[in-house]
Amino acid sequence: MTLGRMQRQQIQELCTSYAPMFSATPGLTERAYHSIDTGNAHPIKVQPYRVSPQAKTAIEREIQDMLQMGVIRPSGSAWASPVVLVPKPDGEIHFCVDYCKLNAVTHPDNYPMPHTDELLEKLGGAQFISTLDLTKGYWQVPLDESAKEKSAFTTHLGLYEFNVLPSGLRNAPTTFQRLVDGLLVGLGEYAVVYLDDVAIFSDSWADHLEHLQKVLEHIREAGLTVKAKKCQIGLNRVTYLGHQVGQGTISHLQAKVDAIQKWPVPKSKKQDQSFLGLAGYYRRFVPQYSQIAAPLTGLTKKKQANAVQWTEKCQKAFNKLKATLMSDPVLRVPDFDKPFLVTTDASEHGVGAVLMQKGPDQEFHLVVFFSKKLSERESNWSVSEKECYAIVYALEKLRPYVWGRRFHLQTDHAALKWLHTVKENNKKLLRWSLALQDFDFDIQHISGASNKVADALSRESFPESIG
């Protein structure tokens, strides 16, 4: 349902009255400061990475822009972290600081992140929803004086430090969440927020106008600005935290079980073994698993030809096992008060990942699982690059579940246990390492033989299964 002419006019008048805060320039709040608690750690100084002449030009441009906005200032700090330029999909360059060594000595902030399932439940039944995206969210939060010197970064132009919260710092998500939670105190009946994504929801149009105005007023009073291009105003259904919500429904942009639902019928013994490897991992949850799977396990016997003879019994067993994998007790609703386990894997032509969590029975249950086919260019990457990409891709998709929370990450490629210490000799791995700075996790090695689920998912050519 689209808004009528009168409704569009009312929205326009409301937003016009708050026009100054709809800005591409970040505001600066006085309601929060970010500190960096490094205890008794000595200052860490890392030499700048070598860069090309083109990269130097990009760094000079970024430095000048940030100086003009007051985001950074020249520094005389004993701390120093190196700069990395990360290309964006649109061809632009993202200026990043490698804070890995600083983060390693920073004490964690255990402020709780919101439960995304609870936020989505509030939005799901609403008839009208608006979402607001805060402009360069982190840059609207100042650093305290001691944090400024620790944020220092080194370039060929010299040493600079941030006046505001940069991305990549440990505890940045929790500082920002604490700010926005305070921002919406008293508005919880019709507004929710996850980091820089604010959502306002109402059952009637009159209520929605009132609710939207109150939230905008709170944002203005806090000295924050909103990026107009990313706002969704007065809609019946919106995209929020990777879901389509509104008018009584909550659905993934793409179902989290698509990787199973669309699993193709095995055409070879190897493909059949791959599916059985996945299903067999959860056999303890499936009564009479052996009997159900018997037609499929029969295809894996040595005397069988590599090209399988698919029968009606095979199809029934295949459908039964897929249905089981997509339902309780194998698949469970996430519990955000308990830690998550992410397992990833990469094969020659694909990557796969699984989000799991222990249930009351102390067994690991599925929460989300997905796979992605690699492009021809990606298929030519080294094993290390593919395994690292599996992690980066998975965590970006799983961001609403794991961002701001400590979790475990398992991979069957031992070299990735040293991901956080990667040097500039591999620029791609270095950029990906920086992309993971906002996530709080430890890497655990898992053998390929034990990584049945992610391994099986990585070996099938599926469409993406979650948005």
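Residues numbered from 1 in each chain as written. Predicted model: local features only at pLDDT ≥ 70, side-chain atom pairs only at ≥ 80, totals over all residues. Heavy atoms only, no water.

Asks: Could you give an account of the overall build of the protein, naming the residues involved and the relevant values?
Replies: Tallying secondary structure elements over the protein gives 16 helices and 17 strands in all. The buried share of the protein, reckoned over its 467 residues, is 53%. The long-range fraction of contacts in the protein, counting pairs at least 24 apart against all pairs at least 6 apart in sequence, stands at 76%. Element-wise, carbon and sulfur atoms account for 51% of the exposed surface of the protein, whose accessible area totals about 21700 Å². (Helix = DSSP H or I, 4+ residues; strand = E, 2+ residues; numbered from the N terminus. Buried < 20%, exposed > 50% of the residue type's maximum accessible area, 1.4 Å probe, protein only. Contact = heavy atoms within 4.5 Å. Areas by Shrake-Rupley, 256 points an atom, 1.4 Å probe, with all protein chains shown as cover.)

Asks: Before we move on, can you summarise the environment of asparagine 380 with the specific residues and values?
Replies: The topology assignment puts asparagine 380 in the loop between α12 (376-379) and α13 (383-397). Sequence-wise, asparagine 380 and histidine 349 are 31 residues apart; in three dimensions their C-alpha atoms are separated by 8.9 Å.

Asks: Quick rundown of the packing of helix α1 (residues 5-17) against helix α7 (residues 205-221)? Include the residues and the values.
Replies: Relative to each other, α1 and α7 sit at 15°, their axes nearing to 11 Å. In this view, α1 runs roughly parallel relative to α7, as classed from their interaxial angle. Here the hand of the crossing between α1 and α7 comes out right-handed. From α1, Gln7, Gln10, Ile11, Leu14 and Ser17 reach across to α7, where they touch Trp205, Leu209, Leu212, Gln213, Leu216 and Arg220. Across the contact of α1 with α7, the residue classes tally to 6 nonpolar, 4 polar and 1 charged. (Axes fitted to C-alpha atoms, helices over the stretch in contact; angles between N-to-C directions. Parallel < 35°, antiparallel > 145°, perpendicular 65-115°, else oblique. Left-handed = near helix turned anticlockwise from the far one by under 90°. Nonpolar A, V, L, I, M, F, W, Y, C, P; charged D, E, K, R; others polar.)

Asks: Got a sec to walk through the sheet that holds strand β8 (residues 197-202)? Specific residues and values, please.
Replies: With respect to topology, 4 strands assemble into an open sheet ordered β7-β8-β4-β9, the strand pairing being antiparallel. With one partner strand each, in any of the chains shown, β7 (191-194) and β9 (232-235) form the two edges of the open sheet. Taken pair by pair, the neighbouring strands of this sheet meet at an average axis angle of 15°, ignoring direction. With 4 bridges connecting them, β7 and β8 associate as antiparallel partners. Looking at the pairing, valine 193 lines up with valine 198 of β8. Each of β4 (128-133), β7 and β8 touches helix α4 (residues 116-124); the most contacted strand, β7, lies at about 150° to it. (Pairing = 2+ DSSP bridges.)

Asks: Tell me about the packing of aromatic side chains, and please be specific about residues and values.
Replies: Inspection of the entire model under this criterion finds 12 aromatic pairs. Ring geometry for tyrosine 389 versus tyrosine 393: centroids 5.8 Å apart, planes at 40°, classification tilted. With tyrosine 389 and tyrosine 393 both in helix α13, this residue pair falls 4 residues apart, about one helical turn. On the basis of relative accessible area, tyrosine 393 is assigned to the buried category, the value being 9%. The ring of tryptophan 403 has arginine 399 sitting right over it, with the charged end atom 4.2 Å from the ring centre. (Phe/Tyr/Trp six-rings, centres within 6.5 Å; stacked < 30°, edge-to-face > 60°. Lys NZ or Arg CZ within 6 Å of the ring centre and 35° of its normal.)

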